[in-house]
Amino acid sequence: MERKIEFTKMQGLGNDYIYVDVMKYPLPDPERYAVEWSRPHTGIGSDGLVLIGRSDRADFSMRIFNADGSEAKMCGNASRCIGKYLYEKGLTGKTEILLDTLSGVKVLHLFPEQGVVNRVSVDMGVPADIHPVTLGDGFPYAEGIAVSMGNPHLVIFVDDISQVALQDVGPALERHPLFPDRVNVEFAQVIGEGEIRMRVWERGSGITQACGTGACATAVAASFAGRCRNESDVVMDGGVLHIRWTGEGGHLFMTGPAVKVFDGVIEIS
Ligand SMILES: N[C@@H](CCC[C@H](N)C(=O)O)C(=O)O
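Residue positions are given per chain, counting from 1 as you read along its sequence in written order. The predicted origin of the model limits local features to residues at a pLDDT of at least 70 and limits the giving and counting of side-chain atom pairs to 80 or more, whereas totals for whole chains, interfaces and linings rest on all residues. The basis for the side-chain values is all heavy atoms of the structure; hydrogens and waters are excluded.

As annotated in an unreviewed UniProt entry, the protein chain carries the name Diaminopimelate epimerase and comes from Bacteroides gallinaceum. UniProt positions are given in the numbering used here, feature names are shortened, and annotations may be inferred rather than shown by experiment. In the Subunit (unreviewed entry) part of its UniProt record, the protein chain is described as follows: "Homodimer." You can read under Catalytic activity (unreviewed entry) in the UniProt record for the protein chain the words "(2S,6S)-2,6-diaminopimelate = meso-2,6-diaminopimelate".

Undergrad: I'd like a rundown of the overall build of the protein chain, residues and numbers included.
TA: Numbering of helices and strands runs from the N terminus; a helix is a DSSP stretch of H or I covering at least four residues, while a strand is a stretch of E covering at least two. In terms of helices and strands, the protein chain carries 4 helices and 18 strands. Our radius of gyration looks at C-alpha atoms and nothing else; its globule reference is 2.2 Å times the residue count to the power 0.38. For the protein chain, the C-alpha radius of gyration of 18 Å lies close to 18 Å, the compact-globule estimate for 269 residues. Counting only C-alpha atoms, the protein chain reaches 55 × 35 × 30 Å along its principal axes. For the protein chain, the proportion of contacts with a sequence separation of at least 24, taken over those separated by at least 6, is 59%. Per-residue accessibility takes into account occlusion by the displayed protein chains alone, with areas from the Shrake-Rupley method and a 1.4 Å probe. Accessible area for the protein chain stands at about 11500 Å²; split by element, carbon and sulfur atoms hold 48% of it. Throughout, a contact is declared for two residues whenever any of their heavy atoms are within 4.5 Å.

Undergrad: Can you tell me about the site of the ligand, naming the residues and giving the values?
TA: For this purpose, a residue is taken to be near a molecule or strand whenever a single non-hydrogen atom of the residue falls within 4 Å of it. Lining the immediate surroundings of the ligand are 15 residues, of which Asn 15, Gly 76, Glu 202, Gly 212 and Thr 213 lie closest. Side-chain atoms alone can form a polar contact between residues adjacent in sequence; in general such a contact is a pair of N or O atoms within 3.5 Å, and within protein one must be able to donate a hydrogen while the other accepts it. In this structure, Asn 77 approaches the ligand through a main-chain N or O atom, which is 3.0 Å from an oxygen atom. Between an oxygen atom of the ligand and a side-chain N or O atom of Asn 151, the distance comes to 3.0 Å. Here the ligand, which alone exposes 370 Å², has 100% of that area covered by the protein. For the shell around the ligand, the elements supplying multiple residues, two or more each, are β2 (15-21), α2 (76-88) and α4 (212-224).

Undergrad: Quick rundown of the pattern of salt bridges? Include the residues and the values.
TA: Any two side chains of opposite charge can pair, on the condition that their charged atoms come close. Salt bridge criterion: a side-chain nitrogen from Lys or Arg within 4 Å of a carboxyl oxygen from Asp or Glu. Tallied over the full model, the rule gives 14 salt bridges. Asp 59 is paired through a salt bridge with Lys 94; the nearest N and O atoms lie 2.7 Å apart. Pair noted here: Asp 59 is in the loop between β3 (48-53) and β4 (60-66) and Lys 94 is in the loop between α2 and β6 (96-101), with a separation of 35 residues, a long-range link. Buried residues are those whose accessible area, probed at 1.4 Å on protein chains only, stays under 20% of the maximum for their type, while exposed residues exceed 50% and partly exposed ones sit between those limits. Owing to a relative accessible area of 25%, Asp 59 belongs among the partly exposed residues under this scheme. You can call Lys 94 partly exposed: its relative accessible area is 41%. Between Arg 182 and Glu 174 there is a salt bridge, with the nearest N and O atoms lying 2.7 Å from each other.

Undergrad: Which residues make up helix α3 (residues 166-174), and what values do they have?
TA: Along α3, the residues that are buried comprise Leu 166, Val 169, Gly 170, Leu 173 and Glu 174. All buried residues of α3 lie within an arc of 125 degrees about the axis, which places them on one face of the element. Away from the buried face of α3 by more than 90 degrees, exposed residues Gln 167 and Asp 168 are located. Residues of α3 that are buried sit in contact with β11 (152-157), β12 (184-192), β13 (195-202) and β14 (206-208). Picture the helix axis, draw a direction to every C-beta atom, and the arc is the one those directions span.

Undergrad: Explain the nonpolar core residue by residue, including any values.
TA: Counting residues in hydrophobic clusters, the biggest one holds 52 residues, and the most contacted among them are Tyr 19, Met 62 and Ile 243. With 7 residues, α4 is the largest single contributor of residues to this core. Domain extents, as shown, originate in an automatic or database domain assignment. Two domains each provide a minimum of three residues to this core, namely domain 1 (3-124 + 256-268) and domain 2 (128-250). Among all residues touching Ile 243, those that are not within four sequence positions of it are Ala 215, Cys 216, Ala 219, Asn 230, Glu 231, Ser 232, Val 234, Leu 252, Phe 253 and Met 254. Counting 17 residues, the second-largest nonpolar core is a separate cluster that includes Tyr 141, Ala 146, Ile 156 and Val 164. Buried Ala, Val, Leu, Ile, Met, Phe, Trp, Tyr and Cys residues that are joined via side-chain atoms within 4.5 Å together make up what is termed a nonpolar core.

Undergrad: Tell me about unusual backbone geometry, residues and numbers included.
TA: At Leu 13, a residue that is not glycine, the phi angle is positive and equals roughly 55 degrees. With respect to the element layout, Leu 13 can be found in the loop between β1 (3-12) and β2. Under the relative-accessibility criterion, Leu 13 is labelled buried at 9%.

Undergrad: Describe the UniProt feature "active site" (unreviewed entry) in the protein chain, and please don't skip the residues or the numbers.
TA: According to UniProt, the positions carrying the feature "active site" (unreviewed entry) are Cys 75 and Cys 211. Across 137 residues of sequence, these annotated residues stay compact in space, with a maximum C-alpha separation of 7.8 Å. Within the fold, Cys 75 resides in the loop between β5 (71-72) and α2. The contacts of Cys 75, once residues within four sequence positions are left out, are Tyr 17, Met 62, Ile 64 and Thr 213. Inspection of the secondary structure puts Cys 211 in the loop between β14 and α4. Using a relative accessible area of 4% as the deciding quantity, one classes Cys 211 as buried. Cys 211 has contacts with Asn 15, Asn 77, His 153, Glu 186, Met 198, Val 200, Glu 202, Met 236 and Leu 241, leaving out every residue within four places of it along the chain.

Here's what the structure looks like:
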């Protein structure tokens, strides 16, 4: 039997996902739909699929699936878009929303103007597992810094980011043996005090225009390596996120835009 599913496509700095309210439209087998719907020519086209649901410990919940169907524990750009979605669709009137994720409950701070939310700040929790890594033979870069933002990141600082062949090096680094669950890879160049240029190869989705947790990990790695202080603008292909970290063992706040692309309906059988 065919069923119609309403969805909304949203993007945060060009990192685009398909959002489904599973309180209204339960979606069995989301891994399969993440793959099918993310395809650019035969699907809707996106970096993945995001499910918005109920939670017994927060206001709402988020599940995030990459374009290859793998499930991640956290997504920075999607968390901001969910804030906009919930508020503008009238699912909440709150401007501080608790969002349950596989990496814990995050707090979204919305800044509505005349009923529209264009900007959201998220308390991303406490960055963890920050340590330098040696990449070893067979990799064109000698070292990086690992950071967990709930999901795993490998940040590699370079002198000239325009020289990084992301498409070529991304796939091998994503599957580096140091990261058995694979890893999101960020290349970063500090371009001034508090300003970092970053490009990302996302685990499960490949090159994306921006990665929220990746921007957070980059800012943390820059601070850890003494390259920046604790507050930075991370400039990605799709735009800029402002990151403020309260320091080692402390919370990190990510602020940036959330944009609706369109609403749609898709049939599943
Ligand atoms: N784009 C996201 C992160 C999505 C999940 C990631 N690819 C993973 O597998 O961990 C963000 O904005 O944080």
